[in-house]
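The primary structure of each chain is shown beneath.
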Amino acid sequence: FGSSHSGSRSRQSKHREVLDCRSAMGKFIKAGRVVVLLQGRYAGKKAIVVKVFDDGSRARPFGHCLVAGVDKAPLKVTKRMSKKKITKRQRVKPFVKYTNYNHIMPTRYQVPAEVQPATLVTDQQMDTPDGRIEAKKYIKKLLQEKFLQPPADKSGKPSKDVIYLRKKLRF
(Lines give C-alpha, C1' and ligand atoms only; values in the text may rest on other atoms or scores of the structure.)
Protein backbone atom coordinates (compact mmCIF):
# COMPACT_ATOMS: atom_id res chain seq x y z
CA PHE A 1 0.00 0.00 0.00
CA GLY A 2 2.79 2.41 0.83
CA SER A 3 4.63 1.80 -2.45
CA SER A 4 1.90 3.36 -4.62
CA HIS A 5 2.13 6.59 -2.63
CA SER A 6 5.89 6.86 -3.13
CA GLY A 7 5.41 6.18 -6.86
CA SER A 8 3.16 9.21 -7.24
CA ARG A 9 5.75 11.39 -5.52
CA SER A 10 8.45 10.32 -8.01
CA ARG A 11 6.00 11.02 -10.82
CA GLN A 12 5.54 14.57 -9.52
CA SER A 13 9.29 15.12 -9.38
CA LYS A 14 9.64 13.81 -12.95
CA HIS A 15 6.91 16.22 -14.04
CA ARG A 16 8.78 19.07 -12.38
CA GLU A 17 11.97 18.05 -14.21
CA VAL A 18 10.13 18.10 -17.54
CA LEU A 19 8.83 21.61 -16.83
CA ASP A 20 12.34 22.76 -15.94
CA CYS A 21 13.71 21.35 -19.21
CA ARG A 22 10.98 23.10 -21.19
CA SER A 23 11.93 26.48 -19.75
CA ALA A 24 15.61 25.80 -20.45
CA MET A 25 14.92 25.00 -24.11
CA GLY A 26 15.33 27.81 -26.60
CA LYS A 27 12.21 29.73 -27.51
CA PHE A 28 11.64 29.19 -31.22
CA ILE A 29 8.03 30.39 -31.41
CA LYS A 30 8.70 34.09 -31.84
CA ALA A 31 6.96 36.86 -33.76
CA GLY A 32 7.28 36.20 -37.49
CA ARG A 33 7.34 32.38 -37.30
CA VAL A 34 4.99 30.64 -39.73
CA VAL A 35 2.85 28.04 -37.92
CA VAL A 36 0.14 25.54 -38.86
CA LEU A 37 -2.97 25.50 -36.68
CA LEU A 38 -3.97 22.02 -35.54
CA GLN A 39 -7.31 22.44 -33.78
CA GLY A 40 -10.60 24.24 -34.22
CA ARG A 41 -12.15 26.17 -37.05
CA TYR A 42 -8.82 27.00 -38.69
CA ALA A 43 -7.23 23.53 -38.38
CA GLY A 44 -4.75 23.00 -41.21
CA LYS A 45 -4.47 26.73 -41.94
CA LYS A 46 -1.16 28.59 -41.96
CA ALA A 47 -0.58 31.65 -39.83
CA ILE A 48 2.10 34.11 -38.73
CA VAL A 49 2.85 34.54 -35.02
CA VAL A 50 2.28 38.20 -34.16
CA LYS A 51 2.86 38.24 -30.40
CA VAL A 52 3.79 35.56 -27.86
CA PHE A 53 2.57 35.16 -24.29
CA ASP A 54 4.88 32.45 -22.86
CA ASP A 55 3.64 32.88 -19.28
CA GLY A 56 0.02 33.43 -20.23
CA SER A 57 -2.18 36.36 -19.25
CA ARG A 58 -4.95 36.95 -16.75
CA ALA A 59 -7.66 36.01 -19.25
CA ARG A 60 -5.69 33.04 -20.62
CA PRO A 61 -3.49 31.50 -17.88
CA PHE A 62 -1.51 29.28 -20.29
CA GLY A 63 1.19 29.78 -22.90
CA HIS A 64 -0.41 31.18 -26.03
CA CYS A 65 0.18 33.50 -28.96
CA LEU A 66 -1.68 35.93 -31.16
CA VAL A 67 -1.66 34.74 -34.77
CA ALA A 68 -2.72 36.28 -38.09
CA GLY A 69 -3.36 33.73 -40.80
CA VAL A 70 -4.72 32.84 -44.23
CA ASP A 71 -8.23 31.36 -44.15
CA LYS A 72 -8.60 31.24 -47.94
CA ALA A 73 -5.40 31.19 -49.98
CA PRO A 74 -5.25 32.69 -53.51
CA LEU A 75 -6.00 30.30 -56.35
CA LYS A 76 -4.00 29.49 -59.48
CA VAL A 77 -4.18 32.04 -62.31
CA THR A 78 -3.56 31.50 -66.03
CA LYS A 79 -3.11 33.88 -68.98
CA ARG A 80 -6.44 32.93 -70.56
CA MET A 81 -8.44 34.25 -67.59
CA SER A 82 -10.16 37.62 -67.70
CA LYS A 83 -8.97 40.47 -65.46
CA LYS A 84 -12.13 40.18 -63.37
CA LYS A 85 -11.56 36.46 -62.78
CA ILE A 86 -7.89 37.02 -61.98
CA THR A 87 -8.66 39.64 -59.31
CA LYS A 88 -11.30 37.37 -57.79
CA ARG A 89 -8.94 34.37 -57.66
CA GLN A 90 -6.11 36.42 -56.12
CA ARG A 91 -8.23 37.42 -53.10
CA VAL A 92 -7.06 36.39 -49.65
CA LYS A 93 -9.31 35.87 -46.63
CA PRO A 94 -7.38 36.46 -43.39
CA PHE A 95 -8.12 35.61 -39.76
CA VAL A 96 -6.78 36.70 -36.37
CA LYS A 97 -6.99 34.76 -33.11
CA TYR A 98 -5.32 33.81 -29.86
CA THR A 99 -4.09 30.20 -29.93
CA ASN A 100 -2.76 27.85 -27.27
CA TYR A 101 0.81 26.62 -27.96
CA ASN A 102 -0.50 23.02 -27.83
CA HIS A 103 -2.69 23.74 -30.86
CA ILE A 104 -0.03 25.04 -33.26
CA MET A 105 2.83 23.38 -35.10
CA PRO A 106 5.79 25.65 -35.86
CA THR A 107 7.38 25.35 -39.29
CA ARG A 108 10.94 26.15 -40.34
CA TYR A 109 9.71 29.25 -42.14
CA GLN A 110 10.08 32.78 -40.79
CA VAL A 111 8.39 35.75 -42.46
CA PRO A 112 10.83 38.37 -43.83
CA ALA A 113 11.52 41.29 -41.47
CA GLU A 114 10.01 43.81 -43.92
CA VAL A 115 6.54 42.32 -43.25
CA GLN A 116 6.90 43.47 -39.60
CA PRO A 117 4.68 40.88 -37.86
CA ALA A 118 4.27 43.00 -34.70
CA THR A 119 2.36 45.67 -36.66
CA LEU A 120 -0.20 43.25 -38.16
CA VAL A 121 -2.60 43.34 -35.19
CA THR A 122 -2.53 44.74 -31.64
CA ASP A 123 -4.11 43.58 -28.36
CA GLN A 124 -6.35 46.66 -28.34
CA GLN A 125 -7.74 45.71 -31.77
CA MET A 126 -8.46 42.17 -30.55
CA ASP A 127 -10.64 43.52 -27.70
CA THR A 128 -13.40 44.82 -29.99
CA PRO A 129 -15.15 43.29 -33.03
CA ASP A 130 -14.55 46.53 -35.00
CA GLY A 131 -10.84 46.36 -34.16
CA ARG A 132 -10.65 42.78 -35.42
CA ILE A 133 -12.34 43.77 -38.70
CA GLU A 134 -9.91 46.68 -39.09
CA ALA A 135 -6.94 44.36 -38.42
CA LYS A 136 -8.20 41.80 -40.94
CA LYS A 137 -8.54 44.48 -43.63
CA TYR A 138 -4.94 45.59 -43.06
CA ILE A 139 -3.69 41.97 -43.08
CA LYS A 140 -5.65 41.23 -46.26
CA LYS A 141 -4.12 44.21 -48.07
CA LEU A 142 -0.60 43.36 -46.90
CA LEU A 143 -0.81 39.62 -47.71
CA GLN A 144 -2.28 40.20 -51.18
CA GLU A 145 0.51 42.65 -51.92
CA LYS A 146 3.23 40.25 -50.67
CA PHE A 147 1.70 37.23 -52.43
CA LEU A 148 1.67 39.02 -55.80
CA GLN A 149 5.27 40.25 -55.49
CA PRO A 150 7.03 38.10 -52.89
CA PRO A 151 9.98 39.93 -51.30
CA ALA A 152 13.40 38.75 -52.46
CA ASP A 153 15.68 36.75 -50.17
CA LYS A 154 19.47 37.12 -49.92
CA SER A 155 20.10 35.44 -53.29
CA GLY A 156 17.57 37.66 -55.07
CA LYS A 157 14.95 34.91 -55.58
CA PRO A 158 11.40 35.27 -54.23
CA SER A 159 11.21 34.46 -50.53
CA LYS A 160 10.39 30.76 -49.93
CA ASP A 161 8.68 31.70 -46.66
CA VAL A 162 6.04 33.90 -48.32
CA ILE A 163 5.54 31.33 -51.11
CA TYR A 164 4.97 28.61 -48.46
CA LEU A 165 2.45 30.80 -46.65
CA ARG A 166 0.62 31.46 -49.92
CA LYS A 167 0.12 27.77 -50.76
CA LYS A 168 -2.78 25.79 -49.36
CA LEU A 169 -1.63 22.98 -47.06
CA ARG A 170 -2.27 19.62 -48.73
CA PHE A 171 -3.20 16.89 -46.26
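I will try to describe carefully the structure that is included in this document.

Calculation criteria
- Residues numbered from 1 in each chain as written.
- Predicted model: local features only at pLDDT ≥ 70, side-chain atom pairs only at ≥ 80, totals over all residues.
- Heavy atoms only, no water.
- Helix = DSSP H or I, 4+ residues; strand = E, 2+ residues; numbered from the N terminus.
- Buried < 20%, exposed > 50% of the residue type's maximum accessible area, 1.4 Å probe, protein only.
- Polar contact = N/O pair within 3.5 Å; in protein donor to acceptor, adjacent residues only side chain to side chain.
- Contact = heavy atoms within 4.5 Å.
- Core = buried A, V, L, I, M, F, W, Y, C linked by side-chain atoms within 4.5 Å.
- Patch = residues over 30% accessible without salt bridge, like charges linked within 9 Å, V, L, I, M, F, W, Y side chains within 5 Å.
- Areas by Shrake-Rupley, 256 points an atom, 1.4 Å probe, with all protein chains shown as cover.
- Salt bridge = Lys/Arg side-chain N within 4 Å of Asp/Glu carboxyl O.
- Lys, Arg positive; Asp, Glu negative; His and termini not counted.
- Charge placed at Lys NZ, Arg CZ, Asp CG, Glu CD.
- Pairing = 2+ DSSP bridges.

### Quick word on the side chain of Asn100
The residue Asn100 is located in strand 4 (residues 93-100) in this model. Looking at Asn100, the relative accessible area reads 18%, which means it is buried. In terms of polar contacts, Asn100 uses its side chain to reach the backbone amide nitrogen of Asn102, at 3.0 Å. Those residues in contact with Asn100, other than ones at most four positions away along the chain, are Phe62, Gly63 and His64.

### Regarding the nonpolar core
Counting 25 residues, the largest nonpolar core has Leu66, Leu120, Val121, Leu143, Phe147 and Leu165 as the members making the most contacts within it. Counting residues per element, this core draws most heavily on helix 4 (residues 129-148), which supplies five residues. Filtering out sequence-adjacent residues up to four positions away, Leu165 remains in contact with Val34, Lys46, Ala47, Ile48, Val70, Leu143 and Phe147.

### Regarding unusual backbone geometry
Its identity as a non-glycine residue notwithstanding, Gln116 has a phi of 50°, on the positive side. Position of Gln116 relative to the elements: it lies in the loop between strand 5 (104-110) and helix 3 (123-127).

### Digging into a positive patch on the surface
A grouping of Lys84, Lys88, Arg91 and Lys140 is seen on the molecular surface, where their side chains present a positively charged patch. Looking at where Arg91 falls in the secondary structure, it is placed in the loop between helix 2 (83-89) and strand 4. Residue classification places Arg91 among the partly exposed residues on the basis of a relative accessible area of 47%.

### Re the pairing of strand 3 (residues 64-72)
For strand 3, a buried count of eight out of nine residues is recorded, marking the element as mostly surrounded by other parts of the structure. Of the pairings in the sheet, the one linking strand 2 (residues 46-53) to strand 3 comprises six bridges and is antiparallel in character. When the bridges of strand 3 are listed, Lys51 appears paired with Leu66. Bridge count for strand 3 against strand 4 is eight bridges, and the pairing is antiparallel. Its bridge partner being in strand 4, Gly69 is matched across the sheet by Phe95.

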